[in-house]
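# A structural walkthrough
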Amino acid sequence: MSTVQIGMVQMSCTADKAENLQKAIAGVKQAAAKGAQIVCLQELFTSLYFCDVEDYANFELAEPIPGPSTESLSSVAKELGVVIIASLFEKRAQGLYHNTTAVLDADGSYLGKYRKMHIPDDPAYYEKFYFTPGDLGYKIFKTKFADFGVLICWDQWYPEAARITSLMGAEILFYPTAIGWATSQDEATNTEQYNAWQTIQRSHAVANGVHVVSVNRVGLEQEGAMKFWGGSFISNPFGTVLYQASHDQEEVTVLELDLSKTDRYRTHWPFMRDRRIDSYQPITKRYIDEP
């Protein structure tokens, strides 16, 4: 299909997992009612962002994939005829957990999952305590409406991840994410951080000639210390922001993308043609020390 309707569900979360799941389902239904064919949910949408602390009790939030949440969402996908991109806390085995996104096709079938490759460890983002780095590699999902890749939050800072996923044939890059501001920060720092976050993802759109869809959460969490900044957006292959959500409101947005324009962007600025793949071997080194 040359055009596809993309739905984004930007929402706040509570400590009630079942409540969050039902809220997300309501958002998917709202998006479908607006014509969405592919709906992307934000990172770890069934819970508060629990990685602000290192607490063993939070492992109880995890579940197998496929599992209860994907079963519920599969029924919704089939009922509505939409593709759902669902970011979940995966329990793979005892003591082995991942930050994982499952993809459900429009007939309700489970197409597979992507496990987050880049795991951060920063104040209030202690993800290395919970998540084992992904071992499935980069992936694309061939759905009824489009072939796309999924990367997750911290992955969005890495051009290598976007490049490889695009080279695999992704027509769209989706980024479920959970990122916010410390409420103690000044407004200038907030603006600079958001702009950096959006700019790096828009650069992936330009460098690879693909649309980018980034879906973030909103709301105050961590007893008011963290304000998740929303700002979910869609960029075209030239980095133009086609839509940007607010920083503090829940939103369900649907936007039509014309995927047939990708060839025009890639032929007018032929970055893919001019890649010097024979010169890129050093990129696999941690750092290029002087000989």
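Let me begin by describing the structure that accompanies this report. Remember, it's a predicted structure, so these values are computed and weren't measured experimentally.

Another point: empty space enclosed by the protein. The probe, sized like a water molecule, is rolled over the atoms to show the empty space still left. Considering all chains together, one arrives at 2 cavities of 30 Å³ or more under this definition. Size it by volume and the largest cavity reaches roughly 60 Å³. Val206, Ala207, Asn208, Gly209, Pro237, Phe238, Tyr265, Arg266, Trp269, Phe271 and Met272 together form the lining of the largest cavity. Mapped by element, the contributors of at least two residues to the lining of the largest cavity are helix H4 (187–208) and helix H5 (261–268). Sort the elements by how many residues they give to the lining of the largest cavity and H4 lands first, with 3 residues. If you add up the space inside the second largest cavity, you get close to 30 Å³. Classifying every residue of the lining of the second largest cavity by side-chain character gives 5 nonpolar, 2 polar and 1 charged.

Turning to a nonpolar patch on the surface, a few remarks are in order. Residues Phe238, Trp269 and Phe271 make up a contiguous nonpolar surface patch of roughly 290 Å² in combined accessible area. Relative to the assigned elements, Phe271 resides in the segment after H5.

Attention shifts here to the packing of aromatic side chains. Taken as a whole, this structure holds 27 aromatic pairs when the rule is applied. Plain terms: the ring middles of Phe89 and Tyr97 are 5.6 Å apart, the flat faces sit at 45° to each other, and that makes the pair tilted. Grouping residues by exposure puts Phe89 and Tyr97 together as buried. Ring plane angle 45° and centroid distance 6.2 Å describe the contact between Phe141 and Phe148, whose orientation is recorded as tilted. Each member of the pair, Phe141 as well as Phe148, carries the same accessibility label: buried. In this structure an aromatic cluster arises from ring pairing among Phe50, Tyr56, Phe59, Phe89, Tyr97, Phe129, Tyr130 and Phe131. Against the face of Phe228 rests Arg217, its NZ or CZ located 5.5 Å from the ring centre. Above the face of the Tyr265 ring, Arg264 is positioned so that its terminal group lies 6.0 Å from the ring centre.

Rules of the game
- Residues numbered from 1 in each chain as written.
- Predicted model: local features only at pLDDT ≥ 70, side-chain atom pairs only at ≥ 80, totals over all residues.
- Heavy atoms only, no water.
- 1 Å grid on protein atoms, 1.4 Å probe; cavity = no way out; pocket = protein on both sides within 12 Å on 5 of 7 lines; lining within 4 Å.
- Points joined across faces, edges and corners; volume = space filled by probe spheres on them.
- Helix = DSSP H or I, 4+ residues; strand = E, 2+ residues; numbered from the N terminus.
- Nonpolar A, V, L, I, M, F, W, Y, C, P; charged D, E, K, R; others polar.
- Patch = residues over 30% accessible without salt bridge, like charges linked within 9 Å, V, L, I, M, F, W, Y side chains within 5 Å.
- Areas by Shrake-Rupley, 256 points an atom, 1.4 Å probe, with all protein chains shown as cover.
- Salt bridge = Lys/Arg side-chain N within 4 Å of Asp/Glu carboxyl O.
- Phe/Tyr/Trp six-rings, centres within 6.5 Å; stacked < 30°, edge-to-face > 60°.
- Buried < 20%, exposed > 50% of the residue type's maximum accessible area, 1.4 Å probe, protein only.
- Lys NZ or Arg CZ within 6 Å of the ring centre and 35° of its normal.

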